[in-house]
Amino acid sequence: MDTHVHRIANRLGWVLTKTPDDTEAALRLRLPKRWWIPINETLVRHGQQVCKPVSPLCSACPVERSCPKIGVDRRR
């Protein structure tokens, strides 16, 4: 599992996990198999462009209003 997926899934509150492997296991239990690849691709792209590790671009995020921003200390 990608670190972007791990970070974003936790920020959104979809999972509360410590490692990317734990995130993958938790998401596999919650999501239908047909969504695994599309979700991964979407979250990786979103993590590279918008939901960055240190200071996410929340002002440019399409789900900003519904995101609980778990673990986000600083944002733009």
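Note that the coordinates shown come from a computational prediction; the quantities given were computed from them, not determined experimentally.

What counts as what
- Residues numbered from 1 in each chain as written.
- Predicted model: local features only at pLDDT ≥ 70, side-chain atom pairs only at ≥ 80, totals over all residues.
- Heavy atoms only, no water.
- Helix = DSSP H or I, 4+ residues; strand = E, 2+ residues; numbered from the N terminus.
- Buried < 20%, exposed > 50% of the residue type's maximum accessible area, 1.4 Å probe, protein only.
- Polar contact = N/O pair within 3.5 Å; in protein donor to acceptor, adjacent residues only side chain to side chain.
- Contact = heavy atoms within 4.5 Å.
- Salt bridge = Lys/Arg side-chain N within 4 Å of Asp/Glu carboxyl O.

Here the focus is the side chain of Lys69. Structurally, Lys69 can be placed in the segment after helix H3 (36–49). Assessed through its relative accessible area of 13%, Lys69 is described here as buried. Polar contacts involving the side chain of Lys69 include one to the main-chain carbonyl oxygen of Cys67, which spans 3.1 Å. Not counting chain neighbours up to four residues away, the residues in contact with Lys69 comprise Arg11, Cys58, Glu64 and Arg75.

Right, let's get into the pattern of salt bridges. Summed over all chains, the structure comprises two salt bridges. The closest approach of N and O atoms between Arg28 and Glu24, which form a salt bridge, is 2.9 Å. You can see Arg28 and its partner Glu24 sitting in helix H2 (residues 20–30), four residues apart, about one turn around the helix. Measuring nitrogen to oxygen at the nearest pair gives 3.1 Å for the salt bridge that ties Glu64 to Lys69. In this structure Glu64 comes out as partly exposed when scored by relative accessible area, which is 26%.

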